[in-house]
Amino acid sequence: MSQDQWVAVDRYINDLFVPADPALDAALAASALAGLPAINVAPNHGKMLHLLARLRGAHTILEIGTLGGYSAIWLARALPEGGRLITLESNPHHAEIARANITRAGLSEIVDLRLGLALDTLPQLAAEVDAGFDLIFIDADKPNNPHYFEWRSSSLIAAH
């Protein structure tokens, strides 16, 4: 498949399944304006994350790597009343933009954004979240993925 075909298919899927959304569009625009790298999940991937969280019936979600909060908005919107999303971000500038985007989307009450290196934050989370997480989305620095998976499998997954 050529790059042009890939882009056309991706655009078709987005147009078909991901209608315009003011809060999500504003999050992308604010992130770009703030100079954040354009590495957020694609709109159709955000929709897929949302659907996965809903299908899973997730009440507690952990996101490793917040960037500008785009995927956090998708995930938080999938939570039922009383649900909670904890998202970890190591870059203070990214966290500042993400907090503003999450607040603008009306989700600051259910999203807990924690600043710091995920590998430093995970031990505290493991001690504080008794039941574990129903869903974990790892979207941070790729060299540490093996370490995140070690944490995922050892102490953070909810027992169902």
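These figures come from a predicted structure and were not determined experimentally.

(A) Region of the structure containing a nonpolar patch on the surface. Among the surface-exposed residues, M1, W6, V7, V9, Y12, I13, L16 and F17 lie close enough to one another that they form a single nonpolar patch of about 840 Å² accessible area. Position of L16 among the secondary structure elements: in helix α1 (residues 3-17).

(B) Structural context of unusual backbone geometry. Not every positive phi belongs to a glycine, and L67 is a case in point at roughly 55 degrees. Among the secondary structure elements, L67 is positioned in the loop between β1 (60-64) and α4 (70-77). Exposure remark for L67: the relative accessible area of 14% places this residue in the buried category.

(C) Region of interest: the sheet that holds β1. Reading across the sheet, the 4 strands line up as β3-β2-β1-β4 and stay open at both edges, with parallel pairing between neighbours. Every interior strand has two partners, whereas the edge strands, β3 (111-115) and β4 (135-138), have only one. Pairs of neighbouring strands in the sheet enclose a mean axial angle of 15 degrees, with direction left out of account. Across 4 bridges, β1 lies against β4 in parallel orientation. Opposite I64, over in β4, you have I138 as the bridge partner. Contacts from helix α5 (residues 92-104) reach β2 (84-89) and β3 within the one sheet, and its direction differs from that of β3 by about 170 degrees. This element, helix α6 (residues 118-128), spans β1, β2 and β3 of the sheet and lies at about 155 degrees to β2.

(D) The nonpolar core, seen in detail. Counting residues in each nonpolar core, the largest one holds 27 residues, and the members touching the most others are A53, I61, I73, L75, L85, I102 and L107. Mapped by element, the contributors of at least two residues to this core are α2 (22-33), α3 (43-56), α4, α5, β3 and β4. When near neighbours in sequence (up to four residues on either side) are disregarded, I73 contacts A23, L24, A27, N101, I102, A105 and L107. Among the nonpolar cores identified, the runner-up in size contains 13 residues, and L62, I64, I138 and Y148 belong to it.

Calculation rules
- Residues numbered from 1 in each chain as written.
- Predicted model: local features only at pLDDT ≥ 70, side-chain atom pairs only at ≥ 80, totals over all residues.
- Heavy atoms only, no water.
- Patch = residues over 30% accessible without salt bridge, like charges linked within 9 Å, V, L, I, M, F, W, Y side chains within 5 Å.
- Areas by Shrake-Rupley, 256 points an atom, 1.4 Å probe, with all protein chains shown as cover.
- Salt bridge = Lys/Arg side-chain N within 4 Å of Asp/Glu carboxyl O.
- Helix = DSSP H or I, 4+ residues; strand = E, 2+ residues; numbered from the N terminus.
- Buried < 20%, exposed > 50% of the residue type's maximum accessible area, 1.4 Å probe, protein only.
- Pairing = 2+ DSSP bridges.
- Axes fitted to C-alpha atoms, helices over the stretch in contact; angles between N-to-C directions.
- Contact = heavy atoms within 4.5 Å.
- Core = buried A, V, L, I, M, F, W, Y, C linked by side-chain atoms within 4.5 Å.

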